[in-house]
Amino acid sequence: MDDLTTLKLRINGEDRPVVFPTHHTLLEVLREECALTGTKHGCELGECGTCTVLVEGRPVLSCLVLAAETRGKSIETVEGMQLGNELHPLQAAFADLGAAQCGYCTPGILMAAKALLAENPAPSRDEIREALAGNLCRCTGYHKILEGVEWAAARMRGEDWTPPNEAFYGNNYGNDHHG
Amino acid sequence: MAEPLEKPEPEAEPQRETSIIGKPFRRVDGRAKVTGATKFADDLAFPRTAYVRLVRSTQPHALIRAIDSSEAEKVPGFLGFLTGKETPIPFGILPVSQDEHALCPDKVRFVGDPVAAVAAVTEDAAYEAALKVKVEYEPLPTISSIEEAIATPEPRIHDYGDHGNLHKVVSMTFGDVEKGFENADEIFEDTFYYEGNTHLPMEQHSAVAVPEDDDRVTLYSSSQTPHYVHRALAKVLELPASRVRVVACSNGGGFGGKSDPFNHEIVAAKMALKLGRPCKITLTREEVFYCHRGRHPVLMQVRTGIKKDGTDVRIVAQRLRTALDGGAYGSYGVASTYYTGALQTVTYKMPAYEFQGVRCFTNKPPCGPKRGHGTPQPRFGFEVHLDKIAVKLGINPADLRLNMLAEPDSVTANWLRIGSMGLRRCIEAVVEGSGFRERWGRLPAGRGLGLACGSYLCGAGLPIYWNHMPQSGVMLKLDRSGGVAVFCGESEIGQGSDSILAAVVAEVLGVALADIRLCVADTDLTPVDLGSYSSRVTLMVGNAALQAAERAREMISKAVSEQLEVPESRLVFAERRVFDAQDPEKGLSFQDAVIATEARFGTLATAGSYIPPRSPGRYRGAGVGPSPAYSYSAAVIEVEVDPETGLWNPVHVWIAHDVGRALNPVLVMGQVEGSVYMGLGEVMMEEQAFRRLPKHLSSALVHKHPSVLEYKSPTFPDMPPVTTYLIEDPDPQGPFGAKEVGQGPLLPVMPAVANAIHDAVGVRVDQVPIHPHMVLKALEAKRKGQEARFGPKGFPEVDFGEELIVPTPEQGGDGTAINDYREKLRSGMRSSAGTMMTREEALRKKKLAALTTDLKGADLKGIK
């Protein structure tokens, strides 16, 4: 308890001096010392992917990383995704498709997806599945998330592509009125 | 206030094109959820917060001999300690099973039952102190299964319940079942087992209690049912309900797992009042497995008699028996028991039906409601059973079902009123989409297609505790800003309830979603809504919102009509304006319209409420099953099975859901896909299973794998493509015709998979989940010329007691039983079966019966 670490964390491009018990994880320090509660926890054992953040651009499970290990490294959390007041294309696509239902796994998935698109701007559906395989979501059935990543990737490549009508309306079978 | 809404008024004039309803709009909390701004309970921080940890039982069944906190108190930062002595008042979600304590006073009933609580200045210190609390137990024999509970009446896990360790026994018959079987051309009988599984919401439950002035306390919690938590807190804390405030934060997933009042919520509040500072408890993932309230393990036996005329098959009688493993406490279990029988009748015509169910107490975490509450298990049995009948009779399973569909606008044998019924179109959609007619029975070996259907409630017809008040209330406040504030007790669990509330109001008033401000799930500030369970929110909150908004529109119409000298009937509310339909230029901005109205009537507020229509069923138990409307679903699933290993995979899912009307199609899609996913998880891998520790480690009954890693759930690569059809057949009971979508689409998934596996390799696994070794065992049996099946062998002997006999509508019944317990009470011959009351309660009511002839209220009280 008395063993404290003092250091400057570089989070979302900003330096933050923090003091914390040395055994505390990056997850704990982000949430408790920095009040960046956008990063969530679902197990604190590295099993669910909910606490994913980027360290030096790579997705890591912040519940398995000691904050003290991130000295001098750049950390990105969901709070750093927006550009000013504009949503990042991944955020906008997730919001419009309902890829965030309860929204609890969403920050972790957004971070993992952001890292994927930085490395591979045009991933196949299987590549997206593989990149996000460590993140559990109990609400969506994953489809809207896959579509959201594809949509955002297209926008980020500057393409004028939106998911097909069925992604928003479902398949029609004899309904009178339809979008 | 005004009359509760019985039925939304149908639009007199032709429906105008909606501007929000029916369109895929961004959910109102969408932005906050993708930026991390949404505050879940554990994200809240208050100055001087103390952290609380629960000390949980290491014994599955034991008397508490002593609790020693002396070492814990020496931990630096220790602040406070609680035991069951300070929380002696029991609570529970149902009035008939108030069998839980915030902390166990004298006895523990499962590994994980909380016995003490420690508070400290940091979470680390609380954790350390909790480890140092010493509890001395005197172990009792444990009960681990349905069979053991039935065979072991003593020692009792609880001192209430129908008898021994049978918590609840139900037996009822509708119509002449015996005659049905006598006249049947053929009779089929099958047994099935459905393993328990849990919700696994990504958010671990969290609660923060804050003491306020004047002996008040506020609890912020991840709860689907803040109203019921409010009631439980007031009871256990012995405070007037007006001094307790419960705020449900956005839930990080619920699925039914956050619908009970929980130990940790009450402990947080009790500790906050004791220490005079905010107290927070956030459960570890392991503890979430102990809270549970998930899917009951159910053993089922279904027996069906049919009449056959060529390919035209009719069910003439069915008997369903269910045995539920309830775990250590009542929870919703009495309702769950009834639900395993109630909805068998709403999909296919069934003139005679008998249902017998029993719920057992065992020394495991309590089971409760999970998505589909009590209905996925019998639905699995029924739909696989029907597939076997179709195969045996050489009829396409789609035709078998299409020829026996229940009628829309009819009343079932067990007195459920069906309204709109879109199952025919659901079946046709998935059959056409999957090529079922051409491909079923004709795919190469190892590939198969399976079809199954389902139906679910759009809200339970009755509240959990008997009352005549609205089940949902909405208030609007409008003022000169032109903004509309909407107040409602509903809680957002991810399903999109906030968006439905906002959209209904915005649509009626012709404003944008951005003009709506929501205040929800706050028992101090918002009118009561019963909560996010039983798929009730879209229909009930939607109708209450519709009424509140229509009342506001009426006032505005009057004021605008006077100002513009245009008849009210000609005014249109759209595009943030109120204008003359015949001269659209003539009108006011919405803001000016509100200003005119505020000037005309004074400060503006309206309210709307919703009470479901009364169900025709009047027999004891008739409270479970009625709903204002029923949703319908059908699925075809294609699987591939490796006969060498038994490994199987879903290849494609076609699912159609009759949603009445999709208020926001993209969110409806998400609910359908999410239900398919959760159903696949249940049939592929998920199980809340237990084992006994070796003797040298106490032989205790423990959870096999209380961790996200070991409790297997589907990941991105496990999820197959899904083709979703939204079937729209507006139901007059629903707001804009809408029905539920959150739970129904899960129901057909598990049986469709089992049927597909049969189509692929010709064996039956009558069990969920379907593990590869089960497929393999069934294939081995098939090779040896034995029954090509894996599943339970039989149904245990249970004394279901005297059966409640209810004549059906077809028989000219009036909805009551001919042998209700009121007679039995008077004659002193109350059967042990079929009542929700403890002996003491029954005796008390018997005294009451002498004073009043109308026991209906008492009768229905616990039934939900």
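Visitor: Would you take a moment to explain the overall build of chain A for this structure?
Guide: Along chain A, the regular secondary structure elements total 6 helices and 5 strands. Taken from the N to the C terminus, the helices and strands of chain A come in the order β-β-α-β-β-β-α-α-α-α-α. Reported as C-alpha extents along the three principal axes, the dimensions of chain A are approximately 70 × 30 × 30 Å. Among the 179 residues that make up chain A, the fraction classed as buried is 53%. Here the contacts in chain A between residues at least 6 apart in sequence split such that 55% fall between residues at least 24 apart.

Visitor: Which parts of the structure should I look at to understand the interface of chain A and chain B?
Guide: For interface size, the figure often reported is the accessible area lost on association. Across the contact, 50 residues belong to chain A and 57 residues belong to chain B. Contributing elements (two or more residues each) for the side of chain A that touches chain B: helix H2 (89-97), helix H3 (106-119), helix H4 (125-131), helix H5 (143-156) and helix H6 (165-169) of chain A. It is H2 of chain A that provides the largest number of residues to the side of chain A that touches chain B, a total of 5 residues. Class assignment for the residues of the side of chain A that touches chain B results in 25 nonpolar, 18 polar and 7 charged.

Visitor: In this structure, what is going on with unusual backbone geometry? I would like to understand it.
Guide: Generally, phi is negative for residues other than glycine and the peptide bonds are trans, each holding for most cases. All names here are of chain B. Along the chain, Glu154 connects to Pro155 via a cis peptide bond; the corresponding omega equals -5°. Here Pro155 lies in the loop between helix H4 (146-151) and strand E7 (166-174). Cis geometry is adopted by the peptide bond preceding Pro769, which originates at Val768 and carries an omega value of -5°. Summarising the element assignment, Pro769 is placed in the loop between strand E32 (767-768) and helix H19 (772-783).

Visitor: Looking at this structure, I do not really get the sheet that holds strand E4 (residues 107-108) of chain B. What am I missing?
Guide: In sheet architecture, strand pairing relies on hydrogen bonds along the backbone and comes in two forms, parallel and antiparallel. Ordered by their spatial adjacency, 3 strands build an open sheet running E4-E2-E6 (chain B), and the pairing between neighbours is antiparallel. Only two strands of the sheet have a single partner each, and these edge strands are E4 and strand E6 (134-139) of chain B.

Visitor: How should the nonpolar core be read in this particular structure?
Guide: The nonpolar side chains of a soluble globular protein tend to be buried, and buried together. Residues and elements named next belong to chain B. If you look at the biggest cluster of nonpolar residues, it comprises 318 residues, and the most contacted ones within it are Val52, Val118, Ala268, Val430, Val505 and Ile757. Counting residues per element, this core draws most heavily on helix H15 (residues 537-564), which supplies 13 residues. Residues in contact with Val118, not counting those within four places in the same chain, are Val52, Arg53, Val55, Ala72, Phe81, Ala126, Ala129, Ala130 and Val133.

Visitor: Just checking my understanding: could you explain the environment of Ala756 of chain B for this structure?
Guide: Residues and elements named next belong to chain B. With respect to the element layout, Ala756 can be found in helix H18 (residues 749-761). Among the residues examined, Ala756 registers 29 C-beta atoms within 10 Å and is labelled buried. Taking the C-alpha atoms as reference points, Ala756 and Arg618, separated by 138 residues in sequence, lie 40 Å from one another. If we ignore the near neighbours within four places in the chain, the residues touching Ala756 are Gly448, Leu449, Gly450, Ile637, Glu638 and Val639.

Visitor: What's the story with the confidence of the model for chain B in this structure? I'm lost.
Guide: One rule of thumb: low pLDDT means the predicted coordinates there are not for detailed reading. Residues and elements named next belong to chain B. For chain B, the mean per-residue pLDDT works out to 93, and 93% of the residues sit at or above 70. Segment residues 1-14: pLDDT under 50, and 18 contacts once partners within four positions in sequence are set aside and those in other chains are kept. Overall, residues 823-864 carries pLDDT values under 50, and its contacts beyond four positions in sequence, including any with other chains, amount to 70 contacts. Scoring of the predicted complex yields 0.94 for pTM and 0.98 for ipTM.

Reading the values: rules and limits
- Within every chain, residues take consecutive numbers counted from 1 along the sequence as written.
- Written order decides the labels, with chains lettered from A and ligands numbered from 1.
- Only residues with pLDDT of 70 or above have their local features reported here, since the model is predicted, and side-chain atom pairs are shown and tallied only from 80 upward, although totals for entire chains, interfaces and linings are computed over all residues.
- A run of DSSP states H or I qualifies as a helix once it reaches four residues; a run of E qualifies as a strand once it reaches two. Both are numbered from the N-terminal end.
- Every C-beta atom is placed from the backbone, and the number of other C-beta atoms within 10 Å of a residue's own sets its class: buried at 20 or more, exposed at 12 or fewer, partly exposed in between.
- Think of it this way: build a C-beta for each residue from its backbone, and any pair within 7 Å is a contact.
- Residues are grouped as follows: Ala, Val, Leu, Ile, Met, Phe, Trp, Tyr, Cys and Pro are nonpolar; Asp, Glu, Lys and Arg are charged; every other residue, Gly included, is polar.
- Should DSSP find at least two bridges between two strands, the strands are taken to pair.
- Think of a nonpolar core as buried Ala, Val, Leu, Ile, Met, Phe, Trp, Tyr and Cys residues, each tied to the set through C-beta atoms within 7 Å.
- Every residue carries a pLDDT, the predictor's confidence in it, which falls somewhere between 0 and 100.

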